[in-house]
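Residues per chain are reported as follows:
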Amino acid sequence: MDSLKSIAACSFKEILRQKTYLVVLLFGLILLGGALIVSVLAQQERLRMIIDLGLATGELIGLVLAVFTSVNLILRELESRTVQLVLAHPVPRSHYILGRFLGAWAAVACAMALMAALHLGLLALYGWRGAGVYVLAWLCMLAKTAVMAALALLLSLTLSSPAAAMAFTLFLWLLGHFTAEMQFLAERSGSFLIKWPLLLAAFATPDLARFDYRDFWNAAPGPDAPWFLWLALYTAAYVSTALALSCQIFSQKEV
Amino acid sequence: MSRRALAAAALCAGMALCAGAGLRASSTPRFPPLSQLVRGPFQAQDLQLSAMGLRAAAADIAWVQLLQYAGGEPAPTEESGRRYSRLKDMTLRVVRLDPRFQRAYAFGAAMLAWDPEVQRPDEALDILQEGIRNNPDYGLLRLMVAALAYKKQGDMPRMVGLLESSLDDPACPSLMKAILANIHKERGEYAAALAVWENVLANGRDDASYQERARRQIDVIHRLMEKGPK
Amino acid sequence: MPSIAIRLKGVAKVYRRSHLGRSTQTVAVSDLDLEVAVGEVFGLLGLNGSGKTTTIKIILGLQSATQGTVEVLGRPMPDLETLAKIGYMPEAACLNPALSGREALRLFAALSRIPSAQREKRVDQMLERVGMASGADQRIAEYSKGMLQRISLAQALIHEPELVIMDEPVTGLDPLAIKEVRALVLWLKARGKTVLFSSHDISEVEQVCDRIGILSRGKLARVMRHDEWAGRPGGLEDAFAGAVARADGVGELRLA
């Protein structure tokens, strides 16, 4: 576990020091400020717009950071051969993968936490007091980025190309918001060749719409505690599946 | 390593499937399917944002576009010859993106039912009925349906009384308050009209255009009151 | 305690690549039998592309042999317990440029299973020993080649390994640095450590090695003991020239 913690800590530092990370974070903060300005147009729904645009910004920035860092997480190390020196030590390859992933995701979580803190500060200035649901919304967004980061890592190891991995990850992100539609189409389809691949895709693709708690936090009745537990389990299981497959692929890779 | 990793992956995938089933079993509020999004000039924009899982933000942008359309001066007369002919569609656009956007129902319905340049109560009713279906806990919409019924019957005092009772609802749009104030003004009920405009001034701080309008109207009404009753 | 530190038997490594239905095969190492005794300094000589680095990677378990067996310190590789007793210094420093020298060393100290209570002290001692105490907190991206080499060396020795493997340790170094590497190898030998290093610099190899193996096109062409070249100027060079064949597609230089 020491090796896992040390690799995670170094990954965390490495990503925090990357220029791309800082630029993307700065861009996110600028977008947050932009939300303040644009929201004036919403008149009586100004507060709602600040909340929605702020949360949307947080999710998009988190996603960009998660995908970009995860796609390059191992590939860059393979290219620069930095991984050789690490694996020449008594480090299980699975610890290397997990450590790199945890460090990277922790860095993304820090960026999102910073944006959340600033956003919440802005909302407090407007007299908004919705901390409980707000924190839950960010946690759901964080869970979504964990799923996408794990997928990005798996795809990068499978495809061995950062550009292809990024493209496929973004495609899966879009597809993940249509799982209900895919299931609907599959149920309606009479053709075996369409029905089963669609069903397989619907179940294999992460059901990302479930993570959009920020869009339905004011629904009545809203999600209850068991729902959040299922979501946490779903996140953990999905991320673990992707990481286990990543470990499997990486164990076969020659460095 | 490989067998363990594959076994772990299979186990976790199984857990993910179970958890997914658990999520489906506990109800997650789902949005109307994409096929129900309103078609029109902003279709591509709505689809793109929905595909990215940003329905609430898409609804906010659609709301701003609705306000810009509704606030257009002079009132747009489209090819059909009707004023604000796309008002219902633009309102539905917002609420199909986010069925919990309560103010959009109230705004669209109020303008359709009571704006002198529009006067399409049937379309207003359609919006209110959809709103009640999606927001059963939101009383203002039922109140507006009742007020609309009184309007159709010609029972203006009861209609006005119902609309008055909605003034303190935080989701009551300034548009509806303005319409109510104008009804009072036309009926010579200047004190009541003044009270409504003062309500707009006190509660609509984010609504700069209505704040400005409220100040002007308060001046107008004061002058009318000085002239004497109708 | 085994008497043989490294034992390779019938080791072969074939790279297979397939692209659009076509597959190609490259034999990097074939039929390699090699033994390195405990406490010995063994030099692996060969031209570029002869299979030196591949052999080292197979010994470390970074790549798997297509055929044959690999045993290090009495255990078949890959084995994590054995790796804990090996110090590896690659040809290029392979350090994370975003970290400082100290941070990198802390990482490798943790990976080498040095207990956390002792880690900081060992890192400080190692930095002093390799002369990097003042530059330790600079980012690795700003290091010169010499500084990179020092940190690379520090991480290889911080856990006091029994077996030290160095891949072309003197390539690109100035004469002073080369002298320091030579002294280091002899210091390790004096402490009973086993050293395996690869090089294509004959002058370095002949000064420090007990035995050398000449690799040519993935095969071990010849193994020589120190007494076979000692006292005969140019002896090792002639033996080397006689044993190797170019594998890089470059022909002989004709001077007449």
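Residues numbered from 1 in each chain as written. Chains lettered and ligands numbered in written order. Predicted model: local features only at pLDDT ≥ 70, side-chain atom pairs only at ≥ 80, totals over all residues. Heavy atoms only, no water.

### Topic: the overall build of chain A
Link 1 in the chain: Within chain A, the regular secondary structure consists of 11 helices and zero strands.
Link 2 in the chain: Relative to its length of 255 residues, chain A is compact, with a C-alpha radius of gyration of 20 Å against a globular reference of 18 Å.
Link 3 in the chain: Structurally, chain A occupies a C-alpha span of about 60 × 55 × 35 Å along its principal axes.
Link 4 in the chain: The long-range share in chain A, meaning contacts at least 24 apart out of those at least 6 apart in sequence, stands at 78%.
Link 5 in the chain: Accessible surface for chain A amounts to roughly 10100 Å². Of this, 74% is attributable to carbon and sulfur atoms.
Link 6 in the chain: Each charge sign in chain A was given a centre, from 17 positive and 14 negative side chains, and these centres are 6 Å apart. (Helix = DSSP H or I, 4+ residues; strand = E, 2+ residues; numbered from the N terminus. Rg over C-alpha atoms; globule rule 2.2 N^0.38 Å. Contact = heavy atoms within 4.5 Å. Areas by Shrake-Rupley, 256 points an atom, 1.4 Å probe, with all protein chains shown as cover. Lys, Arg positive; Asp, Glu negative; His and termini not counted. Charge placed at Lys NZ, Arg CZ, Asp CG, Glu CD.)

### As for the interface of chain A and chain B
Link 1 in the chain: Contact residues are listed per partner, giving 50 residues for chain A and 52 residues for chain B.
Link 2 in the chain: Summed over both partners, the interface of chain A with chain B comes to about 4400 Å²; 63% of that surface belongs to carbon and sulfur atoms.
Link 3 in the chain: Considering only the surface of chain A that becomes buried against chain B, Gln43, Gln44 and Arg210 of chain A emerge as the three largest contributors, covering 17% of it.
Link 4 in the chain: The tally of links from chain A across to chain B stands at three salt bridges.
Link 5 in the chain: Of the charged contacts, one joins Asp60 of chain B and Arg48 of chain A as a salt bridge, the two residues approaching to 2.5 Å between their closest N and O atoms.
Link 6 in the chain: Across the chain A-chain B interface, the total number found is 12 residue pairs in polar contact (both at pLDDT 80 or more).
Link 7 in the chain: Those elements that provide at least two residues to the side of chain A that touches chain B are helix H3 (46-80), helix H7 (162-175), helix H8 (179-188), helix H10 (213-216) and helix H11 (225-252) of chain A.
Link 8 in the chain: With 15 residues, H11 of chain A is the largest single contributor of residues to the side of chain A that touches chain B. (Buried area = accessible area lost by both parts, 1.4 Å probe. Salt bridge = Lys/Arg side-chain N within 4 Å of Asp/Glu carboxyl O. Polar contact = N/O pair within 3.5 Å; in protein donor to acceptor, adjacent residues only side chain to side chain.)

### Observations concerning empty space enclosed by the protein
Link 1 in the chain: One pass over the structure, following the stated rule, counts seven cavities of 30 Å³ or more.
Link 2 in the chain: Computed from the structure, the largest cavity encloses a volume of approximately 130 Å³.
Link 3 in the chain: Taken together, 16 residues line the largest cavity, and the ones lying closest to its centre are Glu77, Thr82 and Val86 of chain A together with Asn96 and Leu107 of chain C.
Link 4 in the chain: At the level of elements, helix H1 (2-16), helix H4 (82-87) and helix H5 (93-125) of chain A together with helix H3 (101-111) of chain C are the ones that each hand at least two residues to the lining of the largest cavity.
Link 5 in the chain: Looking at the lining of the largest cavity element by element, the count peaks at four residues for H1 of chain A. (1 Å grid on protein atoms, 1.4 Å probe; cavity = no way out; pocket = protein on both sides within 12 Å on 5 of 7 lines; lining within 4 Å. Points joined across faces, edges and corners; volume = space filled by probe spheres on them.)

### Notes on the interface of chain C and chain A
Link 1 in the chain: Tallying the contact residues gives 29 residues for chain C and 24 residues for chain A.
Link 2 in the chain: Together, Leu62, Cys94 and Leu111 of chain C form the three largest contributors to the area buried by chain C at its contact with chain A, with a combined 27%.
Link 3 in the chain: For the interface between chain C and chain A, the tally reads four salt bridges.
Link 4 in the chain: For Asp2 of chain A, the salt bridge is made with Arg119 of chain C, and the minimal N-O distance between the two is 2.5 Å.

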